[in-house]
Amino acid sequence: MKALHSVSDLVAAGLMTPEAGDAVRTVADRYAVALTPYLRETLAGRTAPQDPQDPLYAQYVPSPAEAYTAPEEREDPIGDVVRSPVKGIVHRYPDRVLLKPLHACAVYCRFCFRREMVGPGGEALTAEELDAALAYVREHEEVWEVVITGGDPLLLSPRRLRGIVQALSAMPHVGVVRLHSRIPAADPDRVTPELVEALTAPDLASWVAVHINHADELTPPVRSALARLVDAGIPLVGQTVLLKGINDSHAALEALFRGLVRNRVKPYYLHHPDLAAGTSHFRPSLAEGRALVSGLRGRLSGLCQPTYVLDIPGGHGKAPAAASWVEDEGDGRYRATDFTGRVHDYRG
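Computed from a predicted model, the values in this text were never measured in an experiment.

Let us look at the pattern of salt bridges. Oppositely charged side chains may form a pair once their charged atoms are brought near each other. Summed over all chains, the structure comprises 22 salt bridges. Between Glu66 and Arg115 there is a salt bridge, with its nearest N and O atoms 2.4 Å apart. Taken together, the residues span a long stretch of sequence, with Glu66 in the loop between α4 (57-60) and β1 (89-93) and Arg115 in the loop between β2 (96-99) and α5 (127-139) at a distance of 49 residues. Given the relative accessible area of 1%, Glu66 is considered buried. Given a relative accessible area of 5%, Arg115 falls into the buried group. Across the pair Asp80 and Arg114 runs a salt bridge, and its minimum N-O distance is 2.6 Å. Here the residue Asp80 occupies a position in the loop between α4 and β1, and Arg114 occupies one in the loop between β2 and α5, the gap between them amounting to 34 residues. Accessibility classification places Asp80 together with Arg114 in one group, the buried group.

What follows deals with the sheet that holds strand β12 (residues 343-347). Strand order across the open sheet formed by three strands is β10-β11-β12, with antiparallel pairing between neighbours. Each of the sheet's edge strands pairs with one partner strand only, and the pair in question is β10 (326-330) and β12. Between one strand and the next, the sheet's axes are offset by a mean angle of 25°, whatever the strand orientation. Two strands pair when backbone bridges link them, and β10 and strand β11 (residues 333-337) are joined in this way by four bridges, in the antiparallel orientation. Bridge pairing links Glu327 to Arg335 in β11.

Here is what the cut-offs are and how they apply
Residues numbered from 1 in each chain as written. Predicted model: local features only at pLDDT ≥ 70, side-chain atom pairs only at ≥ 80, totals over all residues. Heavy atoms only, no water. Salt bridge = Lys/Arg side-chain N within 4 Å of Asp/Glu carboxyl O. Helix = DSSP H or I, 4+ residues; strand = E, 2+ residues; numbered from the N terminus. Buried < 20%, exposed > 50% of the residue type's maximum accessible area, 1.4 Å probe, protein only. Pairing = 2+ DSSP bridges. Axes fitted to C-alpha atoms, helices over the stretch in contact; angles between N-to-C directions.

Okay, here's the thing in structure tokens:
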């Protein structure tokens, strides 16, 4: 099977009717479309392979709703550009930076916060630009953690990945490299022993953050890809976006987070959707998100609990978004809410 890169490809593969394709052509002209052969086969095998309500289909196949841009939405919703001192680097927090060696992905999620910046053939750093980005990290000794993102860094060849990871391992002040990727869930066969080996280097802790939004994504090939990473000694954390119509229920989140933990992936962040153009149909209200997250307390083990976060527009970083469970009443008095909703007095 071939990858799908256009509306015409989707129609030809039977994943969209010609009429539905006509309705999204202008959307696809603006925002990139791509499905890997693995996802093409997975979606074709679903009960209703053309169902826009399907939790996998809705994540990857364009919708007419994307043509609408809400007034509050932005081209750069989390402020990457304003925090970029050197091409390929985003320095938002004192002790860590993002390193973006490329702007292409194997798949293009319909809710992506970088959807205005990524696409097929997306710009990659030249050798000179990558050297300059690595030099920035080398010169800033306060940087302890480097998050390699993009685009999807696991699209790089093992040789190029190995070069970046080894360059970082040679910097004594860098202790952790974290790679953010959709590849294990979208193209699991790409997670080869050679690629896994390229992610580690002496004196550097390598972590992988895998982007998975629904329990149905945890297919046997995906579980095997995750196991290859964990069995090689690479710890995994899960990144999930709270998406209306996809995972915005206690049952969906419960199944997902338990499934991740069963596969040795620690749920890390549950992201409130960013204000990316054309994504308002995916965005529940913050009040709805808080209610969902509060309802998971007591239902799920602490191992299964991610931190619900909101990325503050303008480049100001993440803020925990869950409702407070402990309220300060003053004079050392507090009111603590338990997982059933009952409120208790506390002094301390």
